[in-house]
Amino acid sequence: MWPLFTTVCLRSRAGCRSSVSAAGLTSLFSHSAPLSAPTCRALLYRKHGDPSRVLQLEDVDLPPVGAKDVLVKMLAAPINPSDINMIQGTYAILPDLPAVGGNEGVAQVVEVGCQVKSLKTGDWVIPKDAGLGTWRTEAVLAEDDVISLPSDLPLLSAATLGVNPCTAFRMLSDFEDLKPGDSVIQNAANSGVGQAVIQIAAARGINTINVIRDRPEFSQLSDRLKAMGATHVIKEEALRRPEMKELFKTCPKAKLALNGVGGKSATELLRHLQFGGSMVTYGGMAKQPVTVPVSALIFKDVKVRGFWVTQWKRDHSNDEKRFRAMLDELCRLIQQGQLTAPACSQVGLHDYSRALEAAMQPFTSAKQLLIM
Ligand SMILES: NC(=O)c1ccc[n+]([C@@H]2O[C@H](COP(=O)([O-])OP(=O)(O)OC[C@H]3O[C@@H](n4cnc5c(N)ncnc54)[C@H](OP(=O)(O)O)[C@@H]3O)[C@@H](O)[C@H]2O)c1
């Protein structure tokens with residue numbers, strides 16, 4: 001079910017509030033009308049299509065803060081491939097229109113309703129589910145729709161924690177019993193998910209064989225991924241070459257393959273799985289189906305699986321302890337310097353067209369992060 005605040009028709013609820021100082025609120029809404037009718041700036045779309053055409057930065061009314069609501073100031077929100085697909089109308093879940101773009105990001109609580117128990121002003125929060133509409137300056141959200149983070153995390157890490165590191169964490173935890181010394185092979189290794197896989201695996205003593213597309217600056221990118229803990233970084237073309245035999249003298253064949261690309265790249269990953277290993281598909285950047293050779297099924301008994309972090313979060317929405325335990329472990333890795341945010345270009349919300357255009361370019365190796 002979509003949260004109501006995804007749409008522009010914001011609800012109006014009676015409620016009591018415990019808030020930051022009037023001065024704080026005045027500065028929060030300094031761009032807007034009187035406090036009685038606060039508005040925020042939001043990137044809205046009224047129909048699906050090319051994001052650079054259908055998105056517009058508009059003033060949106062904010063409803064009163066209800067007893068179980070919080071008013072938040074968005075701090076930063078990334079542009080992920082699924083955000084683009086949602087606006088294009090090609091994603092698995094679509095909000096009612098008009099809608100505010102963005103599914104991920106970090107916000108700071110500036111006001112809490114009188115029955116809010118788990119949050120206080122000043123807390124940093126991230127969405128629990130997709131569909132929140134994070135490309136906006138402020139929002140009134142239900143307490144239950146967000147979860148708090150330590151506010152000493154680096155801003156970029158907090159803003160990009162809820163989707164990609166959670167996806168990497170679950171895929172490394174839930175499909176194969178990986179032990180130190182085991183290997184994982186993945187394509188799109190320079191993606192947000194891929195970088196999180198490298199770092200979480202390295203923290204667990206797991207080897208990663210990281211496949212990226214060739215580019216003029218391959219060796220710089222390879223060095224960057226190795227500095228994060230990648231065991232090997234190879235080009236897509238190398239997957240078919242005899243040199244892979246040399247590589248597997250230094251680490252075992254993979255128990256787990258992570259596929260964010262599809263097409264030929266996915267088929268090539270399967271060659272390097274151990275007997276009985278799993279390939280988990282989580283993305284389809286090449287927009288090509290996954291072909292599994294008959295031999296991989298018969299002679300290697302590979303398991304071909306899929307993963308969607310949104311479904312995982314929904315399946316565990318009544319088990320906040322499990323979500324909290326994952327976030328705690330990811331935050332601990334961040335605080336210990338073992339999990340860094342992906343390379344990001346920080347762009348002001350008003351400059352969203354530039355950020356969208358950059359986000360849709362190949363070979364950028366940097367995520368666009370909207371700063372509110
Ligand atoms: N299932 C889930 O729960 C889940 C969760 C998070 C993300 N995802 C999906 O995972 C994928 C990656 O997301 P992200 O946020 O990590 O992405 P990202 O940081 O924006 O990176 C995009 C990645 O895709 C690669 N790529 C783009 N077009 C490609 C093509 N035609 N062939 C091969 N590689 C291509 C890019 O490589 P180059 O540098 O070579 O362009 C880059 O590695 C997306 O499909 C996203 O929707 C799924």
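Since the structure is predicted, the reported quantities are computational estimates derived from the model, not experimental observations. (Residues numbered from 1 in each chain as written. Predicted model: local features only at pLDDT ≥ 70, side-chain atom pairs only at ≥ 80, totals over all residues. Heavy atoms only, no water.)

A. How the structure looks around the site of the ligand. Around the ligand sit 24 residues in total, of which Asn190, Gly192, Arg215, Val309 and Phe363 are the nearest. In this structure, Asn164 approaches the ligand through a side-chain N or O atom, which is 3.1 Å from an oxygen atom. Here the ligand loses 84% of its free accessible area of 920 Å² to cover by the protein chains. Taken together, the residues of the shell around the ligand break down into 13 nonpolar, 8 polar and 3 charged. Mapping the shell around the ligand onto the domain boundaries places at least three of its residues in each of domain 1 (4-160 + 341-371) and domain 2 (164-310). (Near = heavy atom within 4 Å. Polar contact = N/O pair within 3.5 Å; in protein donor to acceptor, adjacent residues only side chain to side chain. Areas by Shrake-Rupley, 256 points an atom, 1.4 Å probe, with all protein chains shown as cover. Nonpolar A, V, L, I, M, F, W, Y, C, P; charged D, E, K, R; others polar. Domains from an automatic or database assignment.)

B. Examining the sheet that holds strand β11 (residues 207-212) more closely. An order of β12-β11-β10-β13-β14-β15 is seen for the 6 strands of this open sheet, with the pairing classed as parallel. Two strands in the sheet have a free side with no partner beyond their single neighbour: β12 (232-235) and β15 (303-306). The mean angle between the axes of side-by-side strands here comes to 20°, regardless of whether they run parallel or antiparallel. Across 4 bridges, the pairing between strand β14 (residues 273-281) and β15 is parallel. Directly across from Met279, in β15, lies its bridge partner Val304. Most of the contacts of helix α5 (residues 164-174) go to strand β13 (residues 254-259), to which it runs at about 150°, and overall it touches β10 (183-186), β13 and β14. Packing against the sheet, helix α9 (residues 263-270) makes contact with β10, β11, β13 and β14, and its axis sits at approximately 155° to β14. (Pairing = 2+ DSSP bridges. Helix = DSSP H or I, 4+ residues; strand = E, 2+ residues; numbered from the N terminus. Axes fitted to C-alpha atoms, helices over the stretch in contact; angles between N-to-C directions. Contact = heavy atoms within 4.5 Å.)

C. View of the nonpolar core. Core analysis: the biggest nonpolar cluster contains 42 residues, and Leu172 and Ile200 have the highest contact counts within it. With 7 residues, helix α12 (residues 320-335) is the single largest residue contributor to this core. Three or more residues apiece are contributed to this core by two domains, here domain 1 (4-160 + 341-371) and domain 2 (164-310). Once residues within four sequence positions are removed from consideration, Leu172 is found in contact with Leu178, Val184, Val197, Ile200, Ala201, Arg204, Leu256 and Leu258. Of all hydrophobic cores here, the second largest spans 32 residues; its members include Val116, Val125, Trp135 and Leu349. (Core = buried A, V, L, I, M, F, W, Y, C linked by side-chain atoms within 4.5 Å. Buried < 20%, exposed > 50% of the residue type's maximum accessible area, 1.4 Å probe, protein only.)

D. The pattern of salt bridges, seen in detail. Considering all chains together, one arrives at 16 salt bridges under this definition. Here Lys120 ties to Asp123 by a salt bridge, and the two come within 2.9 Å at their closest N and O atoms. Residue classification places Lys120 among the exposed positions, given a relative accessible area of 53%. The class of Asp123 is buried, set by a relative accessible area of 13%. Put simply, Asp182 and Lys255 hold a salt bridge, and the shortest N to O gap is 3.0 Å. With Asp182 in the loop between α5 and β10 and Lys255 in strand β13, this pair connects stretches of sequence that are 73 residues apart. Among the residues examined, Asp182 registers a relative accessible area of 12% and is labelled buried. Overlapping salt bridges bring together Arg240, Glu268 and Arg271 as one network. (Salt bridge = Lys/Arg side-chain N within 4 Å of Asp/Glu carboxyl O.)

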